[in-house]
Amino acid sequence: MVARAYTVAFEGVEAKSVEVQCAVTPGLPAFSLVGLPDKAVSEARDRVRTALSSMAIALPSKRITINLSPADMPKEGSHFDLPIALALLAALEIIPRDAVEGTCSLGELSLDGSLVPVVGALPAAMTAAEAQRTLLCPKGSGSEAAWVGSAEVIGAASLADVVRHYTGQSPLAPAQPGEVTKDDSGRDLRDVKGQERAKRALEIAAAGRHHLLMVGTPGSGKSMLAARLPGLLPPLSASEALETSMIHSLAGLLDEGGINRTRPFREPHHTASMAAIVGGGRRAGPGEISLAHNGVLFLDEFPEFPRPVLETLRQPIESGEVMVARANAHVKYPCRFMLVAAANPCKCGHLTDPARACSRAPVCGEDYMGRISGPLLDRFDLRVDVPPVAFRDLDLPASGDSSAVVASRVMAARTVQATRFKDAPGIHLNADAEGEILEDIATPDTDGRELINKVAERFGLSARGYHRVLRVARTIADLEVAEKVSRTHIAEAVSYRLSGAKEM
């Protein structure tokens, strides 16, 4: 008779159910593993055999066959160790078969039989809940998986604990969700001296999830401003936290099962590869844009990124998802993020200072910013120049509102948007609005319409640029708790769109 256990194989953020079948039949002693396993799965035979030996369980002198079904689905990762061991123990009648069949399991086995935490416990718990099965996983992954709530999660420290649990000798208690971690960085917007216009742009970007580009000389405070953006954003909702944590679970970024309600803030170095930014690699894993889902992707030294890497951002910015296509895998990841970029005006960084600029100014500035293509620049809703701050001004008292005050206004504006778009599928904030919905919510008054038409004609705004101005104007109106988009809202939105000498 064939014993069955269940586990999952990962395809992006989805966990596909896999049936682990074990048959112990007469014949020459052998332990074979079939069903398209990769090297890590194939090595499970030795880990399982040694772990059972450490528990004084000897394998019979028979032929043991493990089949991973469906056989045409690639199986990758060390998390197949535990379900293979369970299927084998059930086939040897050491633990009840019906209990094993009602369980979805994953976990890596050490040679002494202890269970090692693995990535992907959260999406695995979602699949177990859909199949109405209990999830069995290593103790270190239990508090992470328990956040699903609709599935019972059992965390075990070793294979011996699993055997005692199934035989009724020492049942294991269900795992509890891990503590929610908090961001205690203490960075406040008032730490940045001056730069009131940049602070205002940061508030607008946070309120509507608008993409922001800051251009300024070295040391003007661009990175300081970006680092304080997480303090302006509202915490993740329950559904957003679960969705974001599923991606982080696949990447192994959840600490001790604690799901973070703070929005992600990712800041990769400009030497990052295309696979690191967009996703890919041998297992087509998530990239930085997916790890920043529902949060912020900060790209410092923006023009220094390889141009092919930057160009790959164009489609994900618009669609909110990315398809990682490889020869052996086509995986889709969500990537609804806010892009914040910082750049120097030229290679030396002192284009605006005649006393310090290089001899190639202003051509060097055009060449440097020319590394960013026009279509990519067109996707930034806000562009703000960040001038240098005089050292004498650094001794002045802090100015402007604190992060807490700005965050309260951002939260109020996002609450208005959540109510506005509650019946619009796929639209969460003003940055997502398009078509008739955008026309309904952002149609300006007569003076505002006249102004934006003049600007569009004078500067040759693209259709995308025209609509992005309307979205930003709608966000500015939300921050002022105004029902109608007026001329002043349009004027401010246009000032950010056309900031600097180059129209985006």
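Residues numbered from 1 in each chain as written. Predicted model: local features only at pLDDT ≥ 70, side-chain atom pairs only at ≥ 80, totals over all residues. Heavy atoms only, no water.

A. Up close: the pattern of salt bridges. Summed over the entire model, instances satisfying the criterion amount to 28 salt bridges. Close ionic contact of Arg 263 with Glu 240 constitutes a salt bridge, the shortest N to O distance being 3.0 Å. Pair noted here: Arg 263 is in the loop between α10 (238-250) and β11 (265-266) and Glu 240 is in helix α10, with a separation of 23 residues, a long-range link. Residue class for Arg 263 comes out buried when judged on its relative accessible area of 10%. On the accessibility criterion, Glu 240 (17% relative accessible area) is buried. Asp 378 is the salt-bridge partner of Arg 497, the closest N and O atoms lying 2.6 Å from each other. Here Arg 497, found in helix α21 (residues 487-497), pairs with Asp 378, found in the loop between α16 (374-377) and β18 (382-386); they are 119 residues apart in sequence, far enough to count as distant. (Salt bridge = Lys/Arg side-chain N within 4 Å of Asp/Glu carboxyl O. Helix = DSSP H or I, 4+ residues; strand = E, 2+ residues; numbered from the N terminus. Buried < 20%, exposed > 50% of the residue type's maximum accessible area, 1.4 Å probe, protein only.)

B. Structural context of the packing of aromatic side chains. Under the defined criterion, the tally for this structure stands at 2 aromatic pairs. An angle of 25 degrees between the planes, with centres 6.1 Å apart, marks the rings of Phe 265 and Phe 298 as stacked. Of the two residues, Phe 265 is situated in strand β11 and Phe 298 in strand β14 (residues 296-299); the sequence distance between them amounts to 33 residues. Assessed through its relative accessible area of 3%, Phe 298 is described here as buried. In this structure, Arg 133 packs its charged tip against the face of Tyr 6, placed 3.7 Å from the ring centre. In this structure, Arg 420 is placed above the aromatic ring of Phe 421, and the distance from its NZ or CZ to the ring centre is 5.8 Å. (Phe/Tyr/Trp six-rings, centres within 6.5 Å; stacked < 30°, edge-to-face > 60°. Lys NZ or Arg CZ within 6 Å of the ring centre and 35° of its normal.)

C. Examining the pairing of β14 more closely. Burial of the side chains of β14 extends over both faces: Val 296 and Phe 298 are buried on one face and Leu 297 and Leu 299 on the other. Sheet topology places β11 next to β14; 2 bridges connect them, and they run parallel. Paired with Arg 266 across the strands is Leu 297, a residue of β14. (Pairing = 2+ DSSP bridges.)

D. Expanded view of the environment of Arg 487. Topologically, Arg 487 is positioned in helix α21. Placed 36 residues apart in sequence, Arg 487 and Leu 451 show a C-alpha to C-alpha distance of 7.0 Å. Sequence-distant contacts of Arg 487, that is, excluding residues within four places in its chain, are made with Asp 445, Asp 447, Gly 448 and Leu 451. (Contact = heavy atoms within 4.5 Å.)

E. Representation of the environment of Arg 190 in the model. On the secondary structure map, Arg 190 appears in the loop between α7 (159-166) and α8 (196-208). Residue class for Arg 190 comes out partly exposed when judged on its relative accessible area of 31%. Each residue touching Arg 190, except ones within four places of it in the same chain, is listed here: Ala 398, Ser 399, Gly 400, Asp 401 and Ser 402.

F. Examining the nonpolar core more closely. Leu 212, Met 214, Leu 229, Val 340 and Ile 490 are the most contacted members of the largest nonpolar core, which totals 53 residues. No other element matches the 8 residues that helix α20 (residues 463-479) contributes to this core. Once residues lying within four places of it in the same chain are set aside, the contact partners of Ile 490 are Pro 444, Gly 448, Leu 451, Ile 452, Leu 470, Ala 473 and Val 485. If you look at the next biggest cluster of nonpolar residues, it comprises 40 residues, including Ala 5, Val 18, Cys 22 and Leu 109. (Core = buried A, V, L, I, M, F, W, Y, C linked by side-chain atoms within 4.5 Å.)

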